[in-house]
Amino acid sequence: MAKRSAECTQCAVGSYQEESGASACDECPKGSFCPAGSSAPRPCAGGTFLNATGATSDEACERVEPGYWAPTGIAEPIACPTTGFRCPGYDFDDVNDPPGSLPIEVKQGAFTTQVTETVSTVTQVTQV
C-alpha cells in the first residue's frame, strides 16, 4: 500500500504521481516526459524517442534518423526492416503523420533501376 500524505504536493518537473494523496513522486520513465504536476508520464510522439529518465518536456524527445522509425513512447528507435520497407527518418518522411512513426511499405513490383553505361572510343588510323 502506498504511503499517504494529508496534504497534496505537486510533483516537480521530471516526475509524476498517479495516486492522489501519495507522499512521493516517481521519476518520469524513458520514452516520456513529465511537466510539473504530472499525474502520468506523457509519451514522446511517434517519430521521436527518449532513452533517458526524468525528462521535463517534449523537447527532450529526439527525432529518428533515416534508417529508423519510432512508435509513440519508445526509448530506442527501431531499425527499418531490411526488405519491403523504407524508413526516411523524421525530417524526410512525407507520408506518415507524425513523420518517422512507421516504416513505409515499398509497393511490390516497385524497383529502382540503375543504369551504367560503358563508353569506349574507337580510333581508326589509316597509314599510307
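Anything mentioned here points back to the structure above.
Residues numbered from 1 in each chain as written. Predicted model: local features only at pLDDT ≥ 70, side-chain atom pairs only at ≥ 80, totals over all residues. Heavy atoms only, no water.

Novice: Describe the nonpolar core, with residues and values.
Specialist: Membership of the largest hydrophobic core is limited to five residues, which are Phe33, Cys44, Leu50, Ala55 and Cys61. Once residues lying within four places of it in the same chain are set aside, the contact partners of Cys61 are Phe33, Cys44, Thr48, Phe49 and Leu50. (Core = buried A, V, L, I, M, F, W, Y, C linked by side-chain atoms within 4.5 Å. Buried < 20%, exposed > 50% of the residue type's maximum accessible area, 1.4 Å probe, protein only. Contact = heavy atoms within 4.5 Å.)

Novice: Pulling in residues and values, what's your account of the pattern of salt bridges?
Specialist: Overall, the coordinates contain one salt bridge when judged by the stated rule. The partner of Arg63 in a salt bridge is Asp91, with the nearest N and O atoms 2.7 Å apart. Here Asp91 lies in the loop between strand S9 (85-86) and strand S10 (104-105) and Arg63 lies in strand S6 (residues 62-63), a separation of 28 residues in the sequence. Using a relative accessible area of 46% as the deciding quantity, one classes Arg63 as partly exposed. (Salt bridge = Lys/Arg side-chain N within 4 Å of Asp/Glu carboxyl O. Helix = DSSP H or I, 4+ residues; strand = E, 2+ residues; numbered from the N terminus.)

Novice: How would you explain unusual backbone geometry if you had to name every residue and give the values?
Specialist: With omega at 5 degrees, the peptide bond leading from Asp97 into Pro98 counts as cis. For Pro98, the position within the fold is in the loop between S9 and S10.

Novice: Explain the state of the cysteines to me, using residue names and the numbers behind them.
Specialist: Cysteine pairs can be linked by a disulfide, which is a covalent bond between their two sulfur atoms. Tallied over the entire structure, the rule returns four disulfides. Each sulfur in the disulfide pair Cys44 and Cys61 lies 2.0 Å from the other. The sign of the -75 degrees torsion about the S-S bond sets the Cys44-Cys61 disulfide as left-handed. Residue Cys44 is found in the loop between strand S4 (42-43) and strand S5 (48-49), and its partner Cys61 is found in the loop between S5 and S6; the two are separated by 17 residues along the sequence. Like Cys61, Cys44 is buried. (Disulfide = S-S within 2.5 Å.)

By themselves, these are just geometric observations and shouldn't be taken as functional.
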